[in-house]
Amino acid sequence: MMAGNDEVVVTASNKTGRETIGFAAVAFASKEKKQEEQQITTLQSKASANSPNWAILNKLRQEMIKLAELEDEAKGISSSLNTSEKITSESTVSASEVEVS
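Residues numbered from 1 in each chain as written. Predicted model: local features only at pLDDT ≥ 70, side-chain atom pairs only at ≥ 80, totals over all residues. Heavy atoms only, no water.

As annotated in an unreviewed UniProt entry, the protein chain carries the name Microprocessor complex subunit DGCR8 and comes from Orchesella cincta.

Peer 1: Lay out the pattern of salt bridges with the relevant residues and their values.
Peer 2: Counting across every chain of the model gives two salt bridges. Close ionic contact of Glu63 with Lys59 constitutes a salt bridge, the shortest N to O distance being 3.1 Å. With Glu63 and Lys59 both in helix α2 (residues 54-90), this residue pair falls four residues apart, about one helical turn. Overall, the relative accessible area of 12% leaves Lys59 in the buried class. Lys66 is the partner of Glu63 in a salt bridge, and the nearest nitrogen-oxygen pair spans 3.4 Å. One end of the pair, Glu63, and the other, Lys66, are both in helix α2, three residues apart, so they sit about a helical turn from each other. The exposure class assigned to Glu63 is partly exposed, which follows from its relative accessible area of 28%. For Lys66, a relative accessible area of 46% gives the class partly exposed. Because the salt bridges share partners, they merge into one network encompassing Lys59, Glu63 and Lys66. (Salt bridge = Lys/Arg side-chain N within 4 Å of Asp/Glu carboxyl O. Helix = DSSP H or I, 4+ residues; strand = E, 2+ residues; numbered from the N terminus. Buried < 20%, exposed > 50% of the residue type's maximum accessible area, 1.4 Å probe, protein only.)

Peer 1: Requested: an account of a negative patch on the surface, with residues and values cited.
Peer 2: A cluster of acidic residues, Glu69, Glu71, Asp72 and Glu73, forms a negative patch on the protein surface. Note that Asp72 resides in helix α2. (Patch = residues over 30% accessible without salt bridge, like charges linked within 9 Å, V, L, I, M, F, W, Y side chains within 5 Å. Areas by Shrake-Rupley, 256 points an atom, 1.4 Å probe, with all protein chains shown as cover. Lys, Arg positive; Asp, Glu negative; His and termini not counted. Charge placed at Lys NZ, Arg CZ, Asp CG, Glu CD.)

Peer 1: Please set out the side chain of Lys59 residue by residue, giving values where relevant.
Peer 2: One polar contact links Lys59 to Gln39, side chain to side chain, over a distance of 3.2 Å. Beyond its immediate chain neighbours, meaning those up to four positions away, Lys59 contacts Gln39 and Leu43. (Polar contact = N/O pair within 3.5 Å; in protein donor to acceptor, adjacent residues only side chain to side chain. Contact = heavy atoms within 4.5 Å.)

Pasting the structure below:
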């Protein structure tokens, strides 16, 4: 499985394509998690004794911005779904309102 420049190879015998893709996705996620943990460990090693660790604080700020953007996207998607539901529910007509000639 490839995602961007990263590649994960998974061997799964007697499995369907969907299950193999699932295994590859899990392996890729764990690889990303290990890389993030190594990055944080590197940032922690740059800390000095009596001053703030600016590298860690900047990393935290970046992660908080990413999270806020994801939440904004999720709100945008949910609000657009709510809008489409309102349009369809307002445009429905009950059987008692229809005249049959």
